[in-house]
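Summary of structural features
Listed here are the chains, written in short residue letters.
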Amino acid sequence: MAVPAPAHPFLLRLADGRAWAGVEFTPGGFVCVHHPDEANVCTIATSVEALLAERRPGDPMHGAGVEDYG
C-alpha cells in the first residue's frame, strides 16, 4: 500500500486579483487547484511549473502566481 504524500497548501493568485486554493502533494506528487466559480472543477498537473506553463491570454491562470499559505 502506497503512503500518501504530505500536502502543502497554497493560493494561486490570478492576474485579476482572485485567489484559488491549491495543494501540492510532495515529494514527486501532483498539484490540484480548485476553480471556485465552477462547481466540481479542479485542474490537476504534475507540478506547479507544469500548472502555469504555456497559459495563453484569456486563460484565468495566465499571469498567475503562487502564494504560500505558511
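Below is a short write-up of the structure.

About the cut-offs
Residues numbered from 1 in each chain as written. Predicted model: local features only at pLDDT ≥ 70, side-chain atom pairs only at ≥ 80, totals over all residues. Heavy atoms only, no water. Pairing = 2+ DSSP bridges. Helix = DSSP H or I, 4+ residues; strand = E, 2+ residues; numbered from the N terminus. Axes fitted to C-alpha atoms, helices over the stretch in contact; angles between N-to-C directions. Buried < 20%, exposed > 50% of the residue type's maximum accessible area, 1.4 Å probe, protein only. Core = buried A, V, L, I, M, F, W, Y, C linked by side-chain atoms within 4.5 Å. Disulfide = S-S within 2.5 Å.

Strand order in the open sheet formed by five strands is E4-E3-E2-E1-E5, with antiparallel pairing between adjacent strands. Pairing within the sheet leaves two strands with one partner each, and these edge strands are strand E4 (42-45) and strand E5 (65-68). In this sheet, neighbouring strand axes are inclined to one another by 30 degrees on average, regardless of whether the strands run parallel or antiparallel. Across four bridges, the pairing between strand E3 (residues 31-34) and E4 is antiparallel. Considered in E4, the bridge of Val-33 is made with Thr-43.

As a further point, take the environment of Gly-28. As for its placement among the helices and strands, Gly-28 is situated in the loop between strand E2 (19-25) and E3. Note on Gly-28: relative accessible area 86%, which makes it exposed. A C-alpha to C-alpha distance of 8.3 Å links Gly-28 and Thr-46, two positions 18 residues apart in sequence.

Our focus in this paragraph is unusual backbone geometry. Phi is positive for Asn-40, which is not a glycine, with a value near 60 degrees. Mapping Asn-40 onto the fold places it in the loop between E3 and E4. The class for Asn-40 is exposed, based on a relative accessible area of 78%. Its identity is not glycine, yet Glu-54 carries a phi of approximately 55 degrees, on the positive side. Note that Glu-54 resides in the loop between helix H1 (48-52) and E5.

Turning our attention to the nonpolar core. Core analysis: the biggest nonpolar cluster contains eleven residues, these being Phe-10, Leu-12, Leu-14, Trp-20, Val-31, Val-33, Ala-45, Val-48, Leu-51, Met-61 and Ala-64. Put simply, the parts of the chain that give this core at least two residues each are strand E1 (7-13), E3 and H1.

Let us look at the state of the cysteines. Applying the stated rule across the entire model yields zero disulfides. Here Cys-32 stays unpaired: no disulfide links it, and the sulfur of Cys-42, its closest cysteine neighbor, is 3.9 Å away. Judged by its relative accessible area of 17%, Cys-32 is buried. Given a relative accessible area of 40%, Cys-42 falls into the partly exposed group.

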